[in-house]
Amino acid sequence: MYIMGINSVYHESSACLMKDGVVIAAVEEERFNRKKHGKELRLDNPHELPLQSISYCLKEAGITLQNVDHIGYSINPARRLDTYKIKDYVDIDNWGSEGGETEFYLNTLKVEELIKEMGFCGEFHFIDHHICHGASAFFASPYEEAAVVVIDGIGETATTLVGYGKRSDHQIVRLDENLYPASLGFLWEKLCMFLGFSEYDACKVMGLSSYVAVDPLVLSQLRSCVAIGKHGKFTTDPEILRYRQDDFTGLEKLFGIPRRQAEEPVTDIHTKIAAALQAVTEEILVSMVNHAYDLTGSTNLCMAGGVALNCVANGIAFHQSGFQNLYIQPAANDAGTAMGAAYTLWNIHLANYQPPQVTTAYLGPQFTDEAIEATLVEYGLTFEKITNIEERVAQLLADQNIVGWFQGRMEFGPRALGNRSLLADPRVLGNKERMNRAVKKREDFRPFAPSVLDEDAEQFFIIPKKSDVSDYMLITYKVKSNVMDKIPAVVHVDGTSRIQTVKKSTNPRYYSLIEHFKGITGVPMLLNTSFNDNEPIVCNPEGAIRTFLNANIDYLAIGDYLIKNISLHQGGA
Ligand SMILES: [Fe+2]
């Protein structure tokens, strides 16, 4: 039986295909159409389907839409329609107004007819957004039962979910929620924009927050519009925050500064606001996670939603709770709801029992040597085909080259996990600056993460409770003080690292590369950042070659092929 999950509700459009309960493909539309987050967040486009993602998933299985038995779409339009009844500040005919929400509702309903026009003749289902998020974490996890915590901007009317999932009961029971306008996801979006970044730049603001200690005055200012109650309950002040309006006057008055413009410098006050935002987020997450522990009595926790990409808050909440195990599916943002929709149909609606098995992140397109070679020839590049490319690339990295590493199936979710990565030697601090400035062309304050061999991680990092989420760069750990100066390029200013633990079983080639690097240098890790240059992560050989040629990357290792950037290196290899 084939089940497809689709998300194009708000953003991060994606598709996922499952065969007999096992996910066989999952991908985000942005990787194909090269628009960050796949599509714009608009009332008039929830039916702008991720056509290339759908087509890729079908191709991967060698089927057509006519072979798909069920399709799930990750929102319940009828429940969403009610949001205009919520008291909030809205613009006429935009989000939150009766006219705007009715338009969004009618457009969402079009999804079913569009899919049927494409040849689908099975059963179509609209599914609650937060159940999709929760299912994407729980049913992909290695647990038989678990507490489920979802935190995002908004689902239908709720902004968080605390639930309990049990495979043998075929359900995720909803135990508690916060409702809009209490929204941590929107608080981040609004403050990111206030601080001069895009609404999608939470990761930058989180990185920035580590540069100063929390300032009590700025924290109290922020807390005057974010009231934190007990048991994970909180409210955010709609009058000040105006989530649905392009109005920052409330925040300007609150902090006594104008909204930062993108070209203006980041100053002390901006950093303090970022630190206060991070502190408030951690406090809410700690409270909600502990509430989930008290309500469920489970020792296993699954988290999802865009806010669950906050690796610092995840670590703090997990370590300050009674939970022993934590799982977060790598596409914790809305892209993951496509996977969650498929899991919900198989495990809950169709009541199939699926034994625990961790779903890999490597669920996207891959390319044969023939296809790679043909593209290299097309671009007129000189290349070398190498039997053990890991060994050669390990030496190039140890010799201080930056290498584009393109291998196997593309990752699902926003993190590059060693298949679409840019790599460098973590032992040299200058590699951080070079990667930020020359290659990625981004702010100096942004940290880089290390990929470390799983069995060596505890030699370098303080890991109070080991967790599978470190496989996906979704948790940070303190670096041990005695090794900090060995890996300066991957230690953040606060002495932490957002690590990726690499296991031989999940990515043998990447593991082998790091193992060779360890053999040369004694250090079992690499600096790993996503293979892109201010655009979505590269998907195919053509994208990899274009980025390689445009950014200052020394070498490209793509499949078994090695290419030297001759504009940077004249002479022999
Ligand atoms: Fe969401």
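For the structure, check the block above.
Residues numbered from 1 in each chain as written. Predicted model: local features only at pLDDT ≥ 70, side-chain atom pairs only at ≥ 80, totals over all residues. Heavy atoms only, no water.

Brief notes about the coordination of the iron ion
- Within the first shell, the iron ion binds the protein through His 129 (NE2), His 133 (NE2), Asp 152 (OD) and Asp 334 (OD), at distances of 2.1 to 2.3 Å.
- Considering all four donor atoms around the iron ion, angles at the metal cover 86 to 168 degrees and the coordination shape is irregular.
- Written as a sequence motif, the donor arrangement for the iron ion is H-x3-H-x18-D-x181-D. Note that His 129 is positioned in helix α5 (residues 129–138) and Asp 152 in the loop between β6 (145–151) and β7 (158–166), a separation of 23 residues in sequence. Each member of the pair, His 129 together with Asp 152, is buried. (Donors = N, O, S within 2.8 Å, 3.2 Å for Na, K, Ca; no water. Tetrahedral: all angles 85-135°; square planar, octahedral: opposite > 155°, others 65-115°. Helix = DSSP H or I, 4+ residues; strand = E, 2+ residues; numbered from the N terminus. Buried < 20%, exposed > 50% of the residue type's maximum accessible area, 1.4 Å probe, protein only.)

Things to note about the nonpolar core
- Within the largest apolar cluster, 189 residues are counted, with the highest numbers of intra-cluster contacts made by Met 4, Val 68, Phe 255 and Phe 461.
- No other element matches helix α11 (residues 268–296), which puts 11 residues into this core. (Core = buried A, V, L, I, M, F, W, Y, C linked by side-chain atoms within 4.5 Å.)

Quick look at the packing of aromatic side chains
- Going through the model one piece at a time under the given rule, you end up with 19 aromatic pairs.
- With centroids separated by 5.6 Å and ring planes inclined at 55 degrees, the aromatic side chains of Phe 186 and Tyr 243 adopt a geometry described as tilted. One end of the pair, Phe 186, is in helix α6 (residues 184–194); the other, Tyr 243, is in the loop between α9 (238–241) and α10 (249–255), and 57 residues separate them in sequence. In terms of burial, Phe 186 and Tyr 243 fall into one category: buried.
- Measuring from centroid to centroid gives 5.5 Å for Phe 383 and Tyr 561, while their planes differ by 80 degrees, and the two rings are edge-to-face. Residue Phe 383 is found in strand β13 (residues 383–385), and its partner Tyr 561 is found in strand β23 (residues 561–564); the two are separated by 178 residues along the sequence.
- Owing to a relative accessible area of 27%, Phe 383 belongs among the partly exposed residues under this scheme.
- Since its relative accessible area comes to 1%, Tyr 561 is described here as buried.
- The side chain of Lys 465 reaches across the aromatic face of Phe 318, ending 4.6 Å from its centre. (Phe/Tyr/Trp six-rings, centres within 6.5 Å; stacked < 30°, edge-to-face > 60°. Lys NZ or Arg CZ within 6 Å of the ring centre and 35° of its normal.)

Topic: the sheet that holds β6
- On the basis of which strands lie adjacent, the open sheet formed by five strands has the order β8-β7-β6-β11-β12 and mixed pairing. A single partner strand is all that each edge strand has here, and the edge strands are β8 (171–179) and β12 (325–328). Within the sheet, the average angular offset between the axes of one strand and its neighbour, ignoring direction, is 20 degrees.
- Bridge count for strand β11 (residues 300–304) against β12 is four bridges, and the pairing is parallel. Directly across from Met 303, in β12, lies its bridge partner Ile 328.
- Docked against the sheet, α11 engages β6, β7, β8 and β11, running at close to 35 degrees with respect to β7. (Pairing = 2+ DSSP bridges. Axes fitted to C-alpha atoms, helices over the stretch in contact; angles between N-to-C directions. Contact = heavy atoms within 4.5 Å.)

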